[in-house]
Amino acid sequence: MQVQSALFFETPAEIYARVFSDLKPRTAVPEIKIQFRRFASANSFIRLQDGCLHVRICDVLEGAPAPIHEALAYILIAKLYRKPVPAHCDARYRRYLNRADIRRTLDLLRQTRGRKFVSGPKGDVYDLEPMFEELNFQFFTGLMARPLLGWSRRPSRTMLGHYDPSHNAIILSRILDSPAVPRLAVEYVLYHEMLHLRYPTQHHGPRRCIHTPDFKAAEKLFPRLKEARQMLKALP
Ligand SMILES: [Zn+2]
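Residues numbered from 1 in each chain as written. Predicted model: local features only at pLDDT ≥ 70, side-chain atom pairs only at ≥ 80, totals over all residues.

1. What to know about the overall build of the protein
A count of helices and strands for the protein gives 9 helices and 6 strands. Computed over C-alpha atoms, the radius of gyration of the protein comes to 24 Å, more than 25% over the 18 Å expected from 2.2 N^0.38 for 236 residues, which places it beyond the range of a compact globule. Oriented by its inertia axes, the alpha-carbon framework of the protein measures out at about 75 × 35 × 30 Å. The proportion of buried residues among the 236 residues of the protein is 22%. In the protein, 50% of the contacts between residues at least 6 apart in sequence involve partners at least 24 apart. (Helix = DSSP H or I, 4+ residues; strand = E, 2+ residues; numbered from the N terminus. Rg over C-alpha atoms; globule rule 2.2 N^0.38 Å. Buried ≥ 20, exposed ≤ 12 C-beta atoms within 10 Å, placed from the backbone. Contact = placed C-beta atoms within 7 Å.)

Right, dumping it as structure tokens:
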């Protein structure tokens, strides 16, 4: 039985070693280290350093079938040594990434992981941390655990704020971090996102914003709500 499992279940490192010998038959197989990382896309990286072959692969591919790992091993090792990539490997790997379920997973990754923090809570004008604590004290008796707070990379007008459950993070659009935007408007957007934390919903997509009746009732507690919304409509 042991012989069989050795034959049928090659680990990814064993696959890379076999492919390496196939592509570089006269070179001793180096030590191989494979890491599955939480990348935001199906990127993979390979480098040879200190006699060790380091391979980093997106964790989505961790459970991929052996033939897919083999195809990717041919692609990466061939590229490392500037050899032509065997066409059937390229095709097999692409076909896998194009599978509907894999494509859906990768789309989701781009949306959730892709939005990285480039800034902490302190913007040029507004600091989200004390603002969060004030709102926390005022509306949640100070009991809400503080998520990560940050500003978006791009000044989006269509998405002024966003709660990302996969990172437990509230991100506000950089467009709000401006002296031209009144504090009340920023507080309102932050409060709105805090309510998404307080009233979680089933998410059908990371961008879809769902407001339950409880959510809407809580939002009405925000003083000068109308005024704040009007300010957001009139963003410079
Ligand atoms: Zn919302």
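Picking up where we left off.
2. Some points on the pairing of strand β6 (residues 169–172)
Pairing geometry for strand β4 (residues 148–151) and β6, over 4 bridges, is parallel. In the sheet register, Leu149 faces β6, and the bridge partner there is Ile170. (Pairing = 2+ DSSP bridges.)

3. Regarding the sheet that holds strand β3 (residues 52–58)
A sheet is described by the order of its strands in space; here 3 strands give the open sequence β1-β3-β2, paired in mixed fashion. In this open sheet, the two strands that pair with only one neighbour each are β1 (31–37) and β2 (44–49). This sheet shows a mean twist of 15° between the axes of neighbouring strands, independent of strand direction. In the sheet, β1 pairs with β3 via 7 bridges, with the strands oriented parallel. In the sheet register, Ile34 faces β3, and the bridge partner there is Val55. Contacts from helix α2 (residues 12–23) reach β1 and β3, with the element oriented near 130° to β1. Contacts from helix α3 (residues 66–80) reach β2 and β3 within the one sheet, and its direction differs from that of β2 by about 50°. (Axes fitted to C-alpha atoms, helices over the stretch in contact; angles between N-to-C directions.)

4. Details of the domain arrangement of the protein
On domain assignment, one finds that the protein holds domain 1 (2–112) and domain 2 (128–233). When each unit is reduced to the centre of its C-alpha atoms, the spacing between domain 1 and domain 2 is 41 Å. (Domains from an automatic or database assignment.)

5. Some points on helix α7 (residues 183–198)
Taking 1.5 Å per residue, 16 residues should reach 22 Å; α7 reaches 22 Å between its end C-alpha atoms and fits that length. If you check which residues of α7 are buried, you get Ala185, Val186, Glu187, Tyr188, Leu190, Tyr191, His192, Glu193, Met194, Leu195 and His196. Looking at the buried side of α7, the elements it contacts are α6 (128–139), β5 (161–164), β6, α8 (213–219) and α9 (225–233). (Expected span 1.5 Å × (residues − 1).)

6. Some remarks on α2
The end-to-end C-alpha distance of α2 is 16 Å, a good match for the 16 Å that 12 residues give at a rise of 1.5 Å each. Taken residue by residue, α2 has Pro12, Ile15, Tyr16, Val19 and Phe20 as its buried positions. The buried side chains of α2 occupy one side of the element, clustering within an arc of 135° when seen end-on. (Arc of directions from axis to C-beta.)

7. With respect to the packing of α2 against α3
A pair of packed helices is captured by two measures, namely the crossing angle of their axes and the spacing between those axes. The contact between α2 and α3 brings their axes to 9 Å, and the two run at 45°. Judged on the interaxial angle alone, α3 and α2 are oblique. Like other packed secondary-structure pairs, α2 and α3 cross with a definite hand, here right-handed. Across the interface between the two elements, Pro12, Ile15, Tyr16, Val19, Phe20 and Leu23 of α2 pack against Ala66, His69, Glu70, Ala73, Tyr74, Ile77 and Ala78 of α3. Among the residues forming the contact of α2 with α3, the class breakdown is 11 nonpolar, 1 polar and 1 charged. (Parallel < 35°, antiparallel > 145°, perpendicular 65-115°, else oblique. Left-handed = near helix turned anticlockwise from the far one by under 90°. Nonpolar A, V, L, I, M, F, W, Y, C, P; charged D, E, K, R; others polar.)

8. Let's talk about the environment of Val60
Relative to the assigned elements, Val60 resides in the loop between β3 and α3. In this structure the C-alpha to C-alpha distance between Val60 and Arg37, which are 23 residues apart in sequence, comes to 8.6 Å. Not counting the four nearest positions on each side in its chain, Val60 is found in contact with Ala42, Thr105, Leu106 and Leu109.

9. Notes on the pairing of β2
Summarising the sheet, β2 and β3 pair through 6 bridges and their orientation is antiparallel. Bridge pairing in β3 links Ser44 to Ile57. The loop that links β2 with its antiparallel partner β3 comprises 2 residues; one of these, Asp50, has a positive phi angle of about 50°.

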